[in-house]
Structure formats: C-alpha cells, structure tokens
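# Residue-level structure breakdown
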Amino acid sequence: MQARAYGALESKAPITPMTIERREVGPRDVLIDIAACGVCHSDIHQAESDWGMDIFPMVPGHEIVGTVRELGAEVTTFGIGDRVGVGCYVASCGECDMCDRGHHNHCPDWSTTYNGYEQDRATPTYGGYSDHIVVDADYVLRIPEGPDTFAVAPLLCAGITVYPPLKDFAGPGKDVAVVGLGGLGHVGVRIAKAMGSRVTVISHSPSKEADALRLGADAFVATSNPKALKPLRDSFDLVLCTASSGVDVDGYLKTLKTHGTLAIVGIPVEDLTFNVGNLIGGARSIKGYMLDGIEGTQEMLDFCAAHGIVADVEVIPASQINEAWQRVKDSDVRYRFVIDTSTLGAS
C-alpha cells in the first residue's frame with residue numbers, strides 16, 4: 001500500500017513530501033489512519049545522523065495517534081474506529097528474556113517505529129509523519145477517552161520516558177527535582193505532582209519560572225546562577241534529568257539525599273563524567289531509563305488520563321515541519337510540536 005509521508009532523503013536534508021510503501025494488513029495487524037504525530041528532538045538527531053545510525057530515506061515520528069481503519073482476521077483487542085496510539089517501537093522478537101518480562105523496549109531485536117527494520121530484518125520501518133501505518137496489534141496502545149488527540153500524542157514518547165523513574169521513586173512525601181523544562185520535563189512535572197511529590201524545577205532559563213509554577217512545581221531554581229545548586233545539598237529523593245546538554249552530574253549528585261537517585265532520561269551528545277566520591281558518599285545511585293514495555297506504556301496513558309495530564313502543544317501543518325525543527329534546535333517551543341497529518345497533501 002502506498003502512503004503519503006514527509007521525510008528526509010539523506011542526512012541533514014530538508015524534510016520533503018514523499019510516497020512510501022506500507023505492508024498489506026496481515027492477520028495480526030492493525031491499519032491506523034494517523035491524525036497526529038508529535039515532533040521529538042530525537043527525530044532531528046536521527047535525521048541529521050547525530051547518533052551514528054541512520055537509514056535513508058527516513059520518515060520520522062514515534063508519537064502517533066489515530067483511528068483504526070482495518071483489522072487483521074486474528075485481531076480481537078481493537079475495533080474499527082477505536083482511537084489508538086503507537087510509540088517508539090512496533091515489534092520485538094517476543095522470545096527473549098526481556099520480551100518474556102514485558103520489557104520489549106530492551107529486546108535486542110526490537111523494531112523501532114522508524115529508522116529501523118521490521119522483524120524480517122530487511123524491510124525499513126517508516127514513522128508517523130505519514131497518513132497511515134500498519135502495526136502488529138500487540139504493539140498498539142489504546143488511547144483513553146477524554147484527552148485531546150494532539151495533546152496526548154507526545155505522551156507516547158515524552159510521557160513514557162519520564163513515567164518509569166517517577167513510578168519508581170516519586171510519591172507522597174518525596175522530594176523530586178526535574179532538570180530541564182522542555183518536552184520531557186514539563187510532562188515530568190505534571191506526573192510527579194499527580195503522584196503526590198514536592199517538585200522543584202531546575203532550569204538554565206530563568207524565563208521559565210512562571211511556566212514551572214503554572215505546571216504545578218513548588219519551587220524553581222535557575223542554574224544561570226553558578227552557585228544555584230549549593231543551597232540544595234541533600235534535598236531530593238530523586239533528580240530526574242531530562243537535559244540533553246550541560247549536565248552537571250556532580251552538582252546533581254550533591255543535591256540528593258542519602259540513598260537518593262539521579263535518573264537520566266535525556267541523551268547528552270557529550271560524555272558525562274563525575275567524582276565517584278559524590279556517588280558513594282551518600283550511597284547514591286545513577287540510573288538510566290529508556291521507555292517501558294507495552295503494558296507499562298498503557299499504564300502511563302491511563303494514569304495521565306485519570307489525572308488530566310497532557311502535553312502543552314503547538315499544532316502545525318506538515319508544510320511547517322522544517323521550520324518547527326529549527327525552532328526545536330533553538331529551544332523555541334513550549335513544549336511540543338504536533339503535526340496535523342490531515343495536512344500532508346496540502347501545498
């Protein structure tokens with residue numbers, strides 16, 4: 001099946017209209033008409049070969065929300081017209097220890113939603129900057145009733161990136177710091193507050209203080225002041241670091257209480273270093289998180305719906321993707337662009 005899409009023909013090339021081939025609907029597949037697709041910074045990193053792994057032509061997008069148009073003969077979990085979502089991966093091997101434990105996101109043979117390969121290891125995957133997609137039903141999420149289609153889309157990546165560490169370490173009576181108030185951080189603030197935590201936002205941008213408080217934060221600290229972290233020593237049970245640059249690991253370790261955890265979910269381009277004394281001195285931990293399995297992702301969507309949590313979004317037509325990408329690189333979005341895929345055919 002042919003699909004309309006926007007993508008990059010080569011590394012660092014502008015995003016342009018293209019036609020791609022989708023597979024026919026198999027017995028276990030769901031055909032989804034895409035209504036909305038969020039713009040994640042990782043879309044840009046991958047299309048610009050920042051991470052050293054790329055397959056072109058590339059159609060980005062892994063924050064997908066749409067409606068079911070067609071079902072395979074063996075699919076019983078969804079119905080025609082259901083509102084559904086697709087996140088950062090569309091398949092896994094289903095046989096390894098990680099898959100058995102529901103951690104499909106750690107399967108060594110997972111199929112990423114784009115810039116990867118289907119389970120045949122030969123067919124490239126294409127993402128949500130498109131009008132439709134065909135996905136194995138086991139990797140499709142049910143979008144709860146209530147949330148706006150555009151505002152819920154970023155939860156398929158931003159939400160499930162911050163939810164697991166918050167589920168592990170946030171809660172009533174817990175002090176949580178969220179480093180970075182961007183696409184990930186602003187959702188993290190909302191989830192941490194909904195879990196009952198006291199939340200401090202740490203940002204290099206003093207101008208974001210009003211937004212942090214509007215989102216529910218109890219306090220705001222601007223690291224434009226080089227001494228800003230010093231009064232925070234031994235303050236937090238969890239520091240959730242969503243930043244992708246300028247990560248002061250030692251500074252954040254010192255703000256942790258004894259047995260506190262620094263959870264890193266952003267992917268800085270530069271290598272990170274730290275003084276081991278700041279780690280072992282308070283029996284502190286550094287832990288990395290990357291998404292969650294399908295069951296965990298559905299739990300996150302249901303939790304957010306129950307607490308009225310969505311992303312702050314700016315909805316754009318497909319013709320503005322390149323402009324939006326530049327604004328993401330310039331940190332000029334609060335806090336997530338979402339493509340209205342009904343505009344894919346517009347000139």
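Reading the values: the criteria
Residues numbered from 1 in each chain as written. Predicted model: local features only at pLDDT ≥ 70, side-chain atom pairs only at ≥ 80, totals over all residues. Heavy atoms only, no water. Patch = residues over 30% accessible without salt bridge, like charges linked within 9 Å, V, L, I, M, F, W, Y side chains within 5 Å. Areas by Shrake-Rupley, 256 points an atom, 1.4 Å probe, with all protein chains shown as cover. Salt bridge = Lys/Arg side-chain N within 4 Å of Asp/Glu carboxyl O. Helix = DSSP H or I, 4+ residues; strand = E, 2+ residues; numbered from the N terminus. Buried < 20%, exposed > 50% of the residue type's maximum accessible area, 1.4 Å probe, protein only. 1 Å grid on protein atoms, 1.4 Å probe; cavity = no way out; pocket = protein on both sides within 12 Å on 5 of 7 lines; lining within 4 Å. Points joined across faces, edges and corners; volume = space filled by probe spheres on them. Nonpolar A, V, L, I, M, F, W, Y, C, P; charged D, E, K, R; others polar. Axes fitted to C-alpha atoms, helices over the stretch in contact; angles between N-to-C directions. Parallel < 35°, antiparallel > 145°, perpendicular 65-115°, else oblique. Left-handed = near helix turned anticlockwise from the far one by under 90°. Contact = heavy atoms within 4.5 Å. Core = buried A, V, L, I, M, F, W, Y, C linked by side-chain atoms within 4.5 Å. Pairing = 2+ DSSP bridges. Polar contact = N/O pair within 3.5 Å; in protein donor to acceptor, adjacent residues only side chain to side chain.

## Looking at a nonpolar patch on the surface
A contiguous nonpolar surface patch, about 360 Å² in accessible area, is contributed by Phe 274, Val 276, Ile 280 and Ile 286. Here Ile 286 lies in strand β15 (residues 285-288). Residue classification places Ile 286 among the partly exposed positions, given a relative accessible area of 33%.

## Regarding empty space enclosed by the protein
Under the definition given, this model contains one cavity of 30 Å³ or more. Considering only enclosed or pocket space, the largest cavity measures out at about 60 Å³ in volume. Across the lining of the largest cavity, the residue classes break down as seven nonpolar, two polar and one charged.

## Examining the packing of helix α4 (residues 158-169) against helix α5 (residues 185-194)
At their nearest, the axes of α4 and α5 sit 9 Å apart, and the two run at 40 degrees to each other. The angle between the axes of α4 and α5 places the two elements in the oblique class. Relative to α5, the crossing made by α4 is right-handed. On α5, the residues that touch Gly 159, Val 162, Tyr 163 and Leu 166 of α4 are Val 187, Gly 188, Ile 191 and Ala 192.

## Examining the layout of surface pockets
If you add up the space inside the second largest pocket, you get close to 210 Å³. Around the second largest pocket, the lining residues are His 103, Asn 105, His 106, Pro 164, Lys 167, Asp 168, Lys 287, Gly 288, Tyr 289, Met 290, Leu 291 and Asp 292. At the level of elements, α4 and β15 are the ones that each hand at least two residues to the lining of the second largest pocket. Counting residues per element, the lining of the second largest pocket draws most heavily on α4, at three residues. When grouped by side-chain class, the residues that make up the lining of the second largest pocket number four nonpolar, four polar and four charged.

## What about the nonpolar core?
Counting 91 residues, the largest nonpolar core has Tyr 129, Leu 166 and Ile 191 as its most contacted members. With residues up to four places along the chain from it excluded, the contact list for Leu 166 reads Val 176, Gly 188, Ile 191, Ala 192, Met 195, Leu 238 and Leu 240. Counting 19 residues, the second largest nonpolar core, distinct from the first, contains Ile 202, Cys 241, Val 247 and Ile 264.

## What to know about the environment of Val 90
As for its position among the elements, Val 90 is in strand β6 (residues 89-91). What makes Val 90 buried here is its relative accessible area of 8%. Every residue in contact with Val 90, bar those within four places of it in the chain, is listed here: Ser 111, Thr 112, Thr 113, Thr 125, Val 135, Asp 136 and Tyr 139.

## Here's the deal with the pairing of strand β3 (residues 29-38)
Of all 10 residues in β3, eight are buried, a share of seventy percent or more. Pairing of β3 with strand β8 (residues 132-136) involves five bridges; the strand directions are antiparallel. Bridge pairing links Ile 32 to Ile 133 in β8. In this structure, β3 lies alongside strand β4 (residues 64-71), joined through seven bridges in antiparallel fashion.

## A word on the side chain of Asp 175
Structurally, Asp 175 can be placed in strand β10 (residues 175-179). Asp 175 gets classed as buried once you look at its relative accessible area, which sits at 14%. A polar contact of 2.7 Å, which involves the side chain of Asp 175, links it to the side chain of Arg 198. There is a polar contact of 3.0 Å between the side chain of Asp 175 and the side chain of Lys 257. Among all residues touching Asp 175, those that are not within four sequence positions of it are Arg 198, Ser 235, Phe 236, Asp 237, Leu 238 and Lys 257.

## What to know about α5
Among the 10 residues in α5, eight count as buried, and that is most of the element. Where α5 is concerned, the buried positions are Gly 185, His 186, Val 187, Gly 188, Val 189, Arg 190, Ile 191 and Ala 192. The elements touched by buried residues of α5 are α4, β10, β11 (198-203), α6 (209-215) and α9 (294-306). Gly 196 sits one or two positions beyond α5 and adopts a positive phi of about 100 degrees.

## Some points on the packing of α4 against α9
Packing of α4 against α9 brings their axes to within 10 Å, and their N-to-C directions diverge by 90 degrees. Relative to α9, α4 is oriented roughly perpendicular. Contacts from Gly 159, Ile 160, Tyr 163 and Lys 167 of α4 reach α9 at Gly 296, Thr 297, Glu 299, Met 300 and Phe 303. The residue makeup of the contact of α4 with α9, split by class, is four nonpolar, three polar and two charged.

## Regarding the environment of Ala 283
Examined against the element boundaries, Ala 283 turns out to sit in the loop between α8 (276-280) and β15. Given a relative accessible area of 36%, Ala 283 falls into the partly exposed group. Spatially, the C-alpha atom of Ala 283 lies 12 Å from that of Asp 237, the residues being 46 residues apart in sequence.

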